[in-house]
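The chain contents come next:
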Amino acid sequence: MAGETEKKKIIFSGVQPSGNLTLGNYLGALKNWSILQDEYNCFYCVVDMHAITVKQEPASLRRRTLETLAVYIASGIDPEKVTLFVQSHVSAHAELAWVLNCSTMFGELSRMTQFKDKSAKNESNINAGLFTYPVLMAADILLYQTDLVPVGADQKQHIEIARDIAERFNNTYSPTFVIPEPYIGKTGMRIMSLTEPDKKMSKSDENANSYILILDDKDTIIKKFKRAVTDSNTVVRYENGGGIANLLNIYCSCTGKTIEEAEKEFEGKGYGDFKLAVGEVCADSLEPVRQKFDELIKDTAYLESILKSGAEKASRQAYKTLDKVYRKVGFYKLPR
Ligand code: TRP
């Protein structure tokens, strides 16, 4: 019956340790990641090499790398089931990125919308890493022969370029990489800013009231939701769009209720009551995560042991792919 045990599909995803993670990261990514861990062979990475494409304070980058790992685990990601590691611990990422740079065109990188946005925001630091960011991301994905990449809608263009690079390499040499697909999960919705609901909720926003941090305490969460922008209507309906639709999404994501159920529940109630209720359910969902985080972050030895075995597991797969790539492009290999 051995033939019946189908090989699990491979999933890869990553988050940058460049700031404190938000409710958007939790509902849009992390919660989804932990649902996927039983069905797939998952690699979840802390992408510190991507983070330095914008200026980072070295000490806080170092601290946040471990904090990001602790948030992953506190959110329900099980280190026994998935491979958790730090990008810079597996040097194959940098090595494959170089080779893939030579299969990527200047023109296609110039068209990336995230590069255009980020260079507009960081005019004084438009470095080459910011430009080749998508190539490193392609290397992340392709090293593991990834089938599916769970990402938010803003990252779809990066998956497309990874596919283009992989196809080009496969055509130039011979089939080497699995062509990855984006995976937009059920709970993988976009959580928007609380103060400007047409913008994505972002940890790098200057206005701290625009986002909820996973580690915010209950009072802070309730306060921020009280200040959330709604609109000039008075009934809680999804079709009002903007701030209200976003709050409904958050409410339903935290409670598992449908939009219709939530609308019914708040019939005849005002925005004030509704915002308070959203704050409550949000604080309730984040509370266990925060508690677990507080425990984990004290245990550096445990976190480091996970990163150590994660890097070993990831390396095994990564160097298998890198070896193949080096052979195909014609790098001379010495006998062992
Ligand atoms: N660019 C992604 C982001 O900012 C992070 C990332 C880096 C990533 N490498 C990845 C996501 C590989 C998925 C797969 O959100």
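Keep in mind the model is a prediction, meaning the values are calculated, not measured.

A separate point is the nonpolar core. Within the largest apolar cluster, 61 residues are counted, with the highest numbers of intra-cluster contacts made by Y44 and F225. Counting residues per element, this core draws most heavily on helix 12 (residues 271–298), which supplies 11 residues. If near-sequence neighbours (up to four positions away) are discounted, Y44 is found in contact with I11, S13, W33, L36, Y72, I77, V82, T83, L84 and F85. One finds Y144, I161, I165 and A166 within the second-largest nonpolar core, a separate group that totals 41 residues.

In this section: the packing of aromatic side chains. Applying the stated criterion across every chain, the model contains 15 aromatic pairs. Between F106 and F131, the aromatic rings sit 4.9 Å apart at their centres with planes inclined by 45°, giving tilted as the arrangement. Taken together, the residues span a long stretch of sequence, with F106 in helix 5 (residues 106–110) and F131 in helix 7 (residues 128–143) at a distance of 25 residues. The exposed category is assigned to F106, whose relative accessible area is 61%. Given the relative accessible area of 13%, F131 is considered buried. Both rings, one in Y251 and one in F266, keep their centres 5.3 Å apart while their planes meet at 80°; by these two values the pair is edge-to-face. Of the two residues, Y251 is situated in helix 10 (residues 242–255) and F266 in the loop between helix 11 (259–265) and helix 12; the sequence distance between them amounts to 15 residues. Note on accessibility: Y251 and F266 belong to one class, buried.

Residues T83 and F85 line one face of strand 3 (residues 83–86) and the alternating positions L84 and V86 line the opposite face, and both faces are buried. Here strand 2 (residues 41–46) pairs with strand 3 via 4 bridges, running parallel. Paired with Y44 across the two strands is L84, which belongs to strand 3.

The next thing to look at is the state of the cysteines. This structure, assessed with the given rule, holds 0 disulfides. Note on C252: no disulfide assigned, nearest cysteine sulfur contributed by C254 at a separation of 9.4 Å.

A few words now on the site of the ligand. Around the ligand there are 13 residues in total, and Q16, Y133, M137, D140 and Q155 lie nearest to it. The separation between an oxygen atom of the ligand and a polar side-chain atom of Q16 is 3.3 Å. The separation between a nitrogen atom of the ligand and a polar side-chain atom of D140 is 2.7 Å. When the free accessible area of the ligand is taken as 360 Å², the share hidden by the protein chains comes to 89%. Contributing elements (two or more residues each) for the shell around the ligand: strand 1 (10–15) and helix 7. The greatest single-element share of the shell around the ligand, amounting to 4 residues, is contributed by helix 7. Class assignment for the residues of the shell around the ligand results in 7 nonpolar, 5 polar and 1 charged.

Further remarks concern the side chain of E263. Tracing the backbone shows E263 in helix 11. Those residues in contact with E263, other than ones at most four positions away along the chain, are V236, R237, Y238 and L248.

Listed as buried for helix 4 (residues 92–101) are A92, H93, L96, A97, V99 and L100. End-on view of helix 4: buried residues confined to an arc of 165°, all on one side of the axis. Packing partners of the buried residues in helix 4 comprise strand 1, strand 3, helix 7, helix 8 (156–172) and helix 13 (300–329).

On to helix 12. The end-to-end C-alpha separation of helix 12 is 40 Å, in line with the 40 Å expected for 28 residues at 1.5 Å each. Largest kink in helix 12: about 30°, centred on L286, with the proline P288 one to four residues after it.

What follows is about the side chain of Q114. By secondary structure assignment, the location of Q114 is in helix 6 (residues 113–121). Relative accessible area serves as the criterion here: at 15%, Q114 is assigned to the buried category. Within the structure, Q114 has its side chain in polar contact with the side chain of Q155 (distance 3.2 Å). Contact partners of Q114, with chain neighbours within four places excluded, come to Y133, D154, Q155, Q157 and H158.

Thresholds applied
Chains are numbered independently. Their residues run from 1 in the order of the written sequence. Per-residue local features of the predicted model are confined to residues with pLDDT of at least 70, and side-chain atom pairs are confined, for both listing and counting, to 80 or more; whole-chain, interface and lining totals are unaffected and use all residues. Heavy atoms from the whole structure form the basis of all side-chain values; hydrogens and water molecules are not counted. Only buried residues count toward a nonpolar core, which is a set of Ala, Val, Leu, Ile, Met, Phe, Trp, Tyr and Cys residues joined through side-chain atoms within 4.5 Å. Buried means the residue's accessible area, taken with a 1.4 Å probe over protein chains only, is under 20% of the maximum for its type, while exposed means over 50%, and partly exposed covers the values in between. For the purposes of this entry, the term helix denotes a DSSP run of H or I that reaches at least four residues, the term strand denotes a run of E that reaches at least two, and both are numbered from the N terminus. By definition in these notes, contact holds between two residues if any of their heavy atoms fall within 4.5 Å. Aromatic pairing here means that ring centres of Phe, Tyr or Trp (its six-membered ring) are within 6.5 Å. Orientation follows from the plane angle: under 30 degrees is stacked, over 60 is edge-to-face, and everything else is tilted. Strand pairing requires that DSSP identify at least two bridges connecting the strands. Disulfide: a pair of cysteine sulfur atoms within 2.5 Å of each other. Consider each residue's heavy atoms; a residue with any of them within 4 Å of a molecule or strand counts as near. Here a polar contact means two N or O atoms within 3.5 Å. Within protein one must be a hydrogen donor candidate and the other an acceptor candidate, and residues neighboring in sequence count only if both atoms are side-chain atoms. Using a 1.4 Å probe, accessible areas were evaluated by the Shrake-Rupley method; residue-level cover was limited to the displayed protein chains. Only Asp, Glu, Lys and Arg are considered charged, only Ala, Val, Leu, Ile, Met, Phe, Trp, Tyr, Cys and Pro nonpolar, and every remaining residue, Gly among them, polar. By definition, the arc is the one covered by directions from the helix axis to the C-beta atoms. Helix span, expected: 1.5 Å multiplied by one less than the number of residues in the helix. The term bend refers to the angle at a residue between two fitted axes, each drawn through seven residues, those ending there and those starting there.

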